[in-house]
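In case you want the letters, here they are:
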Amino acid sequence: MNHSREGHAVVVDARPQVVRHQGSLPGALVVDPTEVPRRFTPTPSGTFPVIRDRDTEIAVVSVRSEAPRIAEQIADCGYTNVRYVDGGYRALRSRTVG
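The model shown is predicted, which means the values in this text are computed figures rather than measured ones. (Residues numbered from 1 in each chain as written. Predicted model: local features only at pLDDT ≥ 70, side-chain atom pairs only at ≥ 80, totals over all residues. Heavy atoms only, no water.)

S.K.: Please clarify how the packing of aromatic side chains should be interpreted in this entry.
M.R.: The geometry of two aromatic rings is summed up by the distance between their centres and the angle between their planes. Overall, the coordinates contain 2 aromatic pairs when judged by the stated rule. Their ring planes at 80° and their centres at 5.6 Å tell us that Phe-40 and Tyr-79 sit as a pair that is edge-to-face. Taken together, the positions of Phe-40 in helix 1 (residues 36-40) and Tyr-79 in the loop between helix 2 (67-76) and strand 5 (82-84) put the pair 39 residues apart, joining distant regions of the chain. Considered together, Phe-40 and Tyr-79 belong to a single accessibility category, that of buried residues. Both rings, one in Phe-48 and one in Tyr-79, keep their centres 4.9 Å apart while their planes meet at 65°; by these two values the pair is edge-to-face. Taken together, the positions of Phe-48 in the loop between helix 1 and strand 4 (58-61) and Tyr-79 in the loop between helix 2 and strand 5 put the pair 31 residues apart, joining distant regions of the chain. (Phe/Tyr/Trp six-rings, centres within 6.5 Å; stacked < 30°, edge-to-face > 60°. Helix = DSSP H or I, 4+ residues; strand = E, 2+ residues; numbered from the N terminus. Buried < 20%, exposed > 50% of the residue type's maximum accessible area, 1.4 Å probe, protein only.)

Below, the structure is given as structure tokens:
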């Protein structure tokens, strides 16, 4: 999978579609917030379907009020190194552009 990396983290863009008009995060894994539990839950065989290594660092970008909850949902699916980007899309773009 080709994912954008913040440092060495996989960036998960979990902003609602109506908010993604702000701009894209090239290479980020785009997941609608309502789809997070379904997309990240391990398969019946125990494999991780979206990001195959459960220890991969995951940086969640979403609207400020939702980011902590979405990061927690991903962690609840068994991923062990999940955080959210404080300040969301704008903060991440200012770090990568400036």
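Okay, back to it.
S.K.: When you look at the pattern of salt bridges in this model, what are you seeing that I'm missing?
M.R.: Oppositely charged side chains can pair when the atoms bearing their charge come close. Tallying each qualifying case throughout the model produces 4 salt bridges. Ionic pairing is found between Glu-35 and Arg-38, a salt bridge with its closest N-O pair at 2.5 Å. Here Glu-35 falls in the partly exposed class, since its relative accessible area comes to 28%. (Salt bridge = Lys/Arg side-chain N within 4 Å of Asp/Glu carboxyl O.)

S.K.: I would appreciate a short explanation of the environment of Thr-34 in the present structure.
M.R.: In this structure, Thr-34 sits in the loop between strand 3 (29-30) and helix 1. Along the backbone, Thr-34 and Ala-14 are 20 residues apart, and their C-alpha atoms lie at a distance of 8.9 Å. Among the polar contacts listed, one links the side chain of Thr-34 to the side chain of Asp-32, at a separation of 2.6 Å. (Polar contact = N/O pair within 3.5 Å; in protein donor to acceptor, adjacent residues only side chain to side chain.)

S.K.: Even after reading the chapter, I still don't get the nonpolar core, so can you show me in this structure?
M.R.: Across soluble globular proteins, nonpolar side chains show a tendency to be buried alongside one another. In this structure, Val-12, Phe-40, Ile-51, Ile-74 and Tyr-79 are the most contacted members of the largest nonpolar core, which totals 17 residues. Residue assignment for this core shows that the elements contributing at least two residues are strand 2 (9-13), helix 1, strand 4 and helix 2. Among the elements that line this core, the one with the most residues is helix 2, at 3 residues. For Tyr-79, the residues in contact, after removing those within four places along its chain, are Phe-40, Phe-48, Pro-49, Val-50, Ile-51, Asp-53, Arg-54, Ile-58 and Ile-74. Judged by nonpolar contacts, the second largest core, of 9 residues, contains Ala-9, Ala-59, Val-61 and Leu-92. (Core = buried A, V, L, I, M, F, W, Y, C linked by side-chain atoms within 4.5 Å. Contact = heavy atoms within 4.5 Å.)

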